[in-house]
Amino acid sequence: MVSSEAAPLAKTGGLADVVGALPAALRGCGDDVAVIIPRYGSIDLKGARRVYDRVPIHFGPARYDVSIYQAAEEFPLYLVDCPPLYDRKGFYGESGIDYPDNHIRFAVLARAALAAARFLFAPRIFHCHDWQAGLVPAYLRTTFATDPTFVDVKTLFTVHNLGYQGLFPKTALADIALDSGVYRPDGMEFFGRVSLIKGGIAFADALNTVSPAYAREIQTPEYGFGLDGALRARGDVLTGILNGVDYREWSPDVDPLIPANYSADDLSGKRVCKERLVGEFGLPREAMDRPLVGIVSRFTRQKGTDLIAAAAAGLVAEDLYIVALGTGDPEYEEFFRRMAAEYPGRIAALIGFDNGLAHRIEAGADMFLMPSRYEPCGLNQIYSLRYGTVPVVRSTGGLDDTIEEGTGFKFAEYSGEALLAAVRVAVRAYADQELWHAMMRRGMQKDFSWRSSACAYSALYRRLAGGA
Ligand code: ADP
Ligand code: GLC
């Protein structure tokens, strides 16, 4: 697997959770998987061993020397070390601005993956995640098209999020020594620019996305981000495989990051978690008897932050409380700062990235709000089910596939009113605690572990490797 993130070493969102958990689950289906990611500055090499020393990667006159380390994980996790490219404050950029040489950074990742495949771990499939890995199929179809090492190697490209496409000026092709023949509409050209996600979409042997609903949606203009045509053209090899979750990390009966453990049979610990969370966010004690709504999110346009802002007054009027954790676009962070300032003691927000707090919110809240504009899969609503934290979601993509009547509340229209209407129904349900507890338990008993989804990937790998 070629990826830009893998939990726990490098994470900004769900991609990291998936790449961190799927390889171990695949082992249960009889597959051996290695993962390769960049060695960002924040990744400590202590405990890792150097397995490949200074491989030169040439892009025309430019040369990048990379070393490859293997981290002490339960599967081979390779870290591509190239300090001038990866030893920076961010993974993709700083202060909301992408690094201008991201095409080079991820081209080097792709080329390092090919080198690792030659010398360290000979795969039958390259499983490439998101635009950062889109150059692997592109190089295999061009520069390495006749390389005997790779003739029988197949590629699977997984779209975790169509909203991030890796767009660069046409001159980027020369910087990364990619055949200019790819610059065509059915290749990697996209409205006058080079699109790295199209490297995956156009050139991978098979494509998938992370829920069946999103696989359908991205083939429509409404959700296609301009790529629906390219995706429809490959509709015969495009499937949807729902993400699983890692219940070793995300389950209230074993979670070491929450104040008290609990299960569907004994929910008493959840009240302790709520009490602590209310205290941690400085909310009044009265919140203990009212619905506490949790939010953990990248604060971006995708996640429906604007709907929450639009509905804030109406939400507060329902006599509920909100705790939010997130980071992202300054504009949306500001929404939360403003809401917290306007409704002190009602809405509390922490702007930042904090895994422990994400767990404590999942455990301590009564409801989890996820009003996404679009959602390829979404993991937090699935975690919420397991924590007995009833999800209120917009019925799109993976949210629609994972939440059903009886385990959560859904609304369809992208508007503050629709969100508010769904929350009102949830608040009414909460008033009947017996019914509410039954709903919590139903969600807690749902099984979204990786087992079945990993085997769907495994079957796809086998079909690809078999050439069928
Ligand atoms: P996405 O990948 O689009 O951000 P997902 O729901 O698939 O959405 O996954 C988000 C993951 O990132 C979850 O594990 C969630 O807990 C985590 N996460 C998001 N924002 C934060 C944050 N501010 N602090 C800690 N964890 C976060
Ligand atoms: C993306 C999507 C999210 C999905 C995650 C993992 O970041 O936004 O919906 O769960 O990838 O596939």
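How each quantity is defined
Note that residues are indexed from 1 along each chain, following the sequence as it is written. Written order decides the labels, with chains lettered from A and ligands numbered from 1. Reporting of local features is limited, given that this is a predicted model, to residues whose pLDDT is at least 70; pairs of side-chain atoms are given and counted only at 80 or more, and all residues count toward the totals for whole chains, interfaces and linings. The basis for every side-chain value is the complete set of heavy atoms in the structure, and neither hydrogens nor water enter the calculation. When DSSP finds two or more bridges between two strands, those strands count as paired. Put simply, DSSP marks the helices as runs of H or I at least four residues long and the strands as runs of E at least two long, and each gets a number from the N terminus on. Interaxial angles span 0 to 180 degrees and are taken between N-to-C directions of axes, which are lines fitted to C-alpha atoms, for helices over the stretch in contact. We call a residue buried when its accessible area falls under 20% of the maximum for its residue type, exposed when it is over 50%, and partly exposed in between, using a 1.4 Å probe and counting protein chains only. By definition in these notes, contact holds between two residues if any of their heavy atoms fall within 4.5 Å. An automatic or database domain assignment supplies the start and end points of every domain. Buried area adds together the accessible area that both of two parts lose upon being put together, with accessible area traced by a 1.4 Å probe. Each salt bridge in this description consists of a side-chain nitrogen of Lys or Arg and a carboxyl oxygen of Asp or Glu lying within 4 Å of one another. Here, proximity means that at least one heavy atom of the residue falls within 4 Å of the molecule or strand. The term polar contact refers here to a pair of N or O atoms within 3.5 Å; inside protein, the definition further demands a hydrogen-donor-capable atom paired with an acceptor-capable atom, and it admits residues adjacent in sequence only when both atoms are side-chain atoms. Note on areas: Shrake-Rupley, 1.4 Å probe, and residue coverage restricted to the protein chains presented here. Each residue is assigned to one of three groups, with Ala, Val, Leu, Ile, Met, Phe, Trp, Tyr, Cys and Pro labelled nonpolar, Asp, Glu, Lys and Arg labelled charged, and all others, Gly among them, labelled polar. Here the expected span of a helix is defined as 1.5 Å times the quantity of residues minus one. The bend reported for a residue corresponds to the angle between axes fitted to the seven residues ending at that residue and the seven starting there. Residue types Ala, Val, Leu, Ile, Met, Phe, Trp, Tyr and Cys, when buried and joined through side-chain atoms within 4.5 Å, form a set referred to as a nonpolar core.

Draft legend 1. Here's a closer look at the sheet that holds strand β13 (residues 238-240). Across the sheet, four strands lie side by side as β7-β8-β12-β13; this open sheet has parallel pairing. The sheet terminates laterally at β7 (125-129) and β13, the two strands that pair on one side only. Recorded for the sheet is a direction-independent mean angle of 25 degrees between the axes of neighbouring strands. With four bridges joining them, strand β8 (residues 154-159) and strand β12 (residues 206-209) adopt parallel strand pairing.

Draft legend 2. Representation of the environment of Ile-218 within the structure. The topology assignment puts Ile-218 in the loop between α7 (212-217) and α8 (228-233). Judged by its relative accessible area of 0%, Ile-218 is buried. C-alpha separation for the pair Ile-218 and Gly-397, spaced 179 residues apart in sequence, amounts to 9.4 Å. Setting aside its immediate chain neighbours within four residues, Ile-218 contacts Leu-162, Thr-209, Tyr-223, Gly-224, Asp-228, Leu-231 and Leu-238.

Draft legend 3. Structural detail: the domain arrangement of the protein. Parsing the protein into structural domains produces domain 1 (14-244 + 451-465) and domain 2 (268-446). For domain 1 and domain 2, the distance between their C-alpha centroids amounts to 33 Å. Taken together, the contact between domain 1 and domain 2 spans 17 residues of the former and 17 residues of the latter. Of the roughly 1,200 Å² buried between domain 1 and domain 2 on both sides combined, carbon and sulfur atoms contribute 56%. Inspection of the region where domain 1 meets domain 2 yields zero salt bridges.

Draft legend 4. Highlighting the site of ligand 2. The full set close to ligand 2 counts 14 residues, and His-160, Asn-243, Glu-375, Cys-377 and Gly-378 are the nearest of them. Within the contact set of ligand 2, an oxygen atom lies 2.8 Å away from a backbone nitrogen or oxygen of Gly-378. In terms of domain composition, the shell around ligand 2 takes at least three residues from each of domain 1 (14-244 + 451-465) and domain 2 (268-446).

Draft legend 5. Local environment of the site of ligand 1. By nearness alone, 23 residues border ligand 1, and Gly-14, Asp-17, Arg-298, Lys-303 and Gly-352 come closest of all. In the model, a nitrogen atom of ligand 1 is placed 2.9 Å from a nitrogen or oxygen of the Asp-354 main chain. The protein chains hide 95% of the 560 Å² of surface that ligand 1 would expose on its own. Those elements giving two or more residues to the shell around ligand 1 turn out to be α1 (14-27), β14 (292-299), β15 (321-328), α12 (355-364) and α13 (380-386). The residue makeup of the shell around ligand 1, split by class, is eight nonpolar, nine polar and six charged.

Draft legend 6. Main features of unusual backbone geometry. In this structure, Pro-8 follows Ala-7 across a cis peptide bond, with omega equal to 0 degrees. Locating Pro-8 in the fold gives a position in the segment before α1. For Arg-54, which is not glycine, the phi torsion reads 40 degrees and is therefore positive. Since its relative accessible area comes to 59%, Arg-54 is described here as exposed. Backbone geometry at Asp-319 places phi at a positive 60 degrees, although glycine is not the residue there. By secondary structure assignment, the location of Asp-319 is in the loop between α10 (305-317) and β15.

Draft legend 7. Molecular detail of α10. Between its first and last C-alpha atoms α10 spans 19 Å; for 13 residues at 1.5 Å apiece the expected length is 18 Å, and the two agree. Maximum bend of α10: about 60 degrees, positioned at Ala-311. What α10 keeps buried is the set Thr-305, Leu-307, Ile-308, Ala-311, Ala-312, Gly-314, Leu-315 and Val-316. Asp-319 sits one or two positions beyond α10 and adopts a positive phi of about 60 degrees.

Draft legend 8. Local environment of the pairing of β14. With seven of its eight residues buried, β14 lies for the most part within the structure. Sheet topology places β14 next to β15; eight bridges connect them, and they run parallel. Considered in β15, the bridge of Phe-299 is made with Gly-328. The pairing of β14 with strand β17 (residues 367-370) spans two bridges and is parallel. Across the sheet, Val-293 pairs through a bridge with Met-367, a residue of β17.

Draft legend 9. How the structure looks around the pairing of strand β2 (residues 49-59). Pairing of β2 with strand β3 (residues 62-71), which is carried by eight bridges, proceeds in the antiparallel orientation. Following the sheet pairing, Arg-49 is matched in β3 by Gln-70. Hairpin connection of β2 to β3: two residues between the antiparallel strands, including Gly-60 at a positive phi of 60 degrees.

Draft legend 10. Inspection of the nonpolar core at higher detail. Judged by nonpolar contacts, the single largest core of 174 residues is most densely connected at Phe-126, Leu-135 and Tyr-139. The element best represented in this core is helix α3 (residues 102-119), accounting for twelve residues. Here this core gathers at least three residues from each of two domains, domain 1 (14-244 + 451-465) and domain 2 (268-446). With near-sequence residues (within four places) excluded, Phe-126 lies in contact with Val-2, Ala-113, Leu-114, Ala-117, Val-136, Leu-140, Phe-150, Val-153, Lys-154, Thr-155 and Leu-156.

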